[in-house]
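Chain and residue survey
Okay, here's what each chain looks like letter by letter:
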Amino acid sequence: MSNTWYLYMFFAVALVLAGLIGLLLKRNLIKLFIAIEVVGKGVSLLLLSTGFAKGSILTAQALVVTYIVIEVSLVATALALIINVYRHGKSLDVRGLAKLKG
Amino acid sequence: MIFQTSLLIGLVIFSVLAILLRDLLKSAISLAVASLLLGIIFFRMKAPYAGVFEISVVAGLITVLFVLTIALTKTGDEVRESKLVNWVFPVVFVAFIVIDALVMKSLLGRVPALAPGAETGTFGDILWRGRTLDLVGQIAVILAGVFAVLALFRKDDKHE
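What you see is a predicted model, and the numbers here were worked out from it, not measured in a lab.

What follows is about the overall build of chain B. Regarding its fold elements, chain B presents six helices and zero strands. Moving toward the C terminus, one meets the helices and strands of chain B in the order α-α-α-α-α-α. The C-alpha atoms of chain B give a radius of gyration of 21 Å, which is well past the 15 Å a tight globule of 160 residues would have. Summarising its shape, the C-alpha atoms of chain B cover approximately 65 × 50 × 25 Å along the three principal directions. Looking at chain B as a whole, 34% of its 160 residues qualify as buried.

Rendered as structure tokens:
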């Protein structure tokens, strides 16, 4: 693979790591979801840069466009869930979710 | 190449800021800036459709959804983040970045080159004609999202 690919790979891994550390350390539900978004950015960067290095940018583009469309659906559902959790417990603390009782 | 690298560095910095910043609104905006930079990177990789989707949908629509959610959930208790985050996150992140750089340096030139892809036609051909069943799956996922949001916001008739 060309040397450029390793540069993109380095930054994609950095994004995924930043998101994963954020997921481990943060407690606010919206913050956790922002961390998931950052992981997704790293994955889409990796997909497209691999297509770029391999010379099949059109297939990579189709995959990234599909991923973005699915991501919007995911974001809408997750944010609706977060709003419902907030209405239920008046807090966005993820530790409060363990105390929910039917 | 230098411009592309600085775009990538900016992308990582704004993504880290989005996670680290205490104010939710500011972190949503830095996530949007990161998406914008990623979109420009896509444009420079000769992937204009992915860039347009990234900028219009991720930097635009998803940011609006985030800001709306932050506005709707504002009047609650402030979530008390662990005090460790402020120094554990940078330390662990820098350590992982160093490991990442070392791994990439040792991998340099070792990953076998993939066979060049035989792509013909336009982006439209690849997007619409090269795929069959996964389009149905994608439509199903979008419909599932729509129904999930409708179900989550339905009114309970008994209590009205």
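The next point concerns the overall build of chain A. The number of helices and strands found in chain A is three helices and zero strands. What you see in chain A, going N to C, is helices and strands ordered as α-α-α. Relative to a compact globule of 102 residues, whose C-alpha radius of gyration would be 13 Å, chain A shows 17 Å and is clearly more extended. With the C-alpha coordinates of chain A rotated into their principal frame, the extents come out at 55 × 25 × 15 Å. Restricting to contacts in chain A with at least 6 residues of sequence separation, those with at least 24 account for 59%.

Now for the interface of chain A and chain B. Each side of the interface is counted separately: chain A has 68 residues, and chain B has 85 residues. Between chain A and chain B the total buried area reaches about 6800 Å² when both faces are included, carbon and sulfur atoms providing 77% of it. Three residues, Y6, K41 and L58 of chain A, lead the burial of chain A against chain B; their summed loss comes to 10% of the area buried on that side. Across the contact surface, chain A and chain B share one salt bridge. Across the pair K41 of chain A and E54 of chain B runs a salt bridge, and its minimum N-O distance is 3.8 Å. Our count for the contact surface shared by chain A and chain B stands at nine residue pairs in polar contact (both at pLDDT 80 or more).

Ranked by size, the top nonpolar core spans 66 residues in total, and within it L45 of chain A together with F66 of chain B carry the most contacts. Residue assignment for this core shows that the elements contributing at least two residues are helix 1 (3-25), helix 2 (29-54) and helix 3 (57-89) of chain A together with helix 1 (2-20), helix 2 (24-44), helix 3 (48-72), helix 4 (85-107) and helix 5 (123-129) of chain B.

Moving on, we get to the pattern of salt bridges. Per the stated rule, a full pass over the model turns up two salt bridges over all chains. Of the charged contacts in the structure, one is a salt bridge between D93 of chain A and R95 of chain A, with a shortest N-O distance of 2.7 Å.

Caution applies to low-pLDDT parts of the model: their predicted coordinates are not meant to be read in detail. For chain B, mean pLDDT is 85; residues scoring 70 or higher make up 92% of the total. Averaged pLDDT values over the elements of chain B bottom out at 77 in helix 5 of chain B and peak at 93 in helix 2 of chain B.

This next bit is on unusual backbone geometry. Residue and element names in this part refer to chain B. Look at K46: it is not a glycine, yet its phi comes out positive at around 60°. In this structure, K46 sits in the loop between helix 2 and helix 3. With a relative accessible area of 60%, K46 lands in the exposed category.

What follows is about the packing of helix 1 of chain B against helix 4 of chain B. How two helices pack is summed up by the angle between their axes together with the distance between the axes. Residue and element names in this part refer to chain B. Packing of helix 1 against helix 4 leaves a shortest axis separation of 11 Å and a crossing angle of 150°. What the angle tells us is that helix 1 and helix 4 run roughly antiparallel. Crossing handedness for the pair helix 1 and helix 4: right-handed. Between helix 1, through V12, V16, I19 and L20, and helix 4, the contact on the second element is made entirely by V85, F89 and F93. Considering only residue class, the contact of helix 1 with helix 4 consists of seven nonpolar, no polar and no charged.

About the thresholds
Residues numbered from 1 in each chain as written. Chains lettered and ligands numbered in written order. Predicted model: local features only at pLDDT ≥ 70, side-chain atom pairs only at ≥ 80, totals over all residues. Heavy atoms only, no water. Helix = DSSP H or I, 4+ residues; strand = E, 2+ residues; numbered from the N terminus. Rg over C-alpha atoms; globule rule 2.2 N^0.38 Å. Buried < 20%, exposed > 50% of the residue type's maximum accessible area, 1.4 Å probe, protein only. Contact = heavy atoms within 4.5 Å. Buried area = accessible area lost by both parts, 1.4 Å probe. Salt bridge = Lys/Arg side-chain N within 4 Å of Asp/Glu carboxyl O. Polar contact = N/O pair within 3.5 Å; in protein donor to acceptor, adjacent residues only side chain to side chain. Core = buried A, V, L, I, M, F, W, Y, C linked by side-chain atoms within 4.5 Å. pLDDT = per-residue confidence, 0-100. Axes fitted to C-alpha atoms, helices over the stretch in contact; angles between N-to-C directions. Parallel < 35°, antiparallel > 145°, perpendicular 65-115°, else oblique. Left-handed = near helix turned anticlockwise from the far one by under 90°. Nonpolar A, V, L, I, M, F, W, Y, C, P; charged D, E, K, R; others polar.

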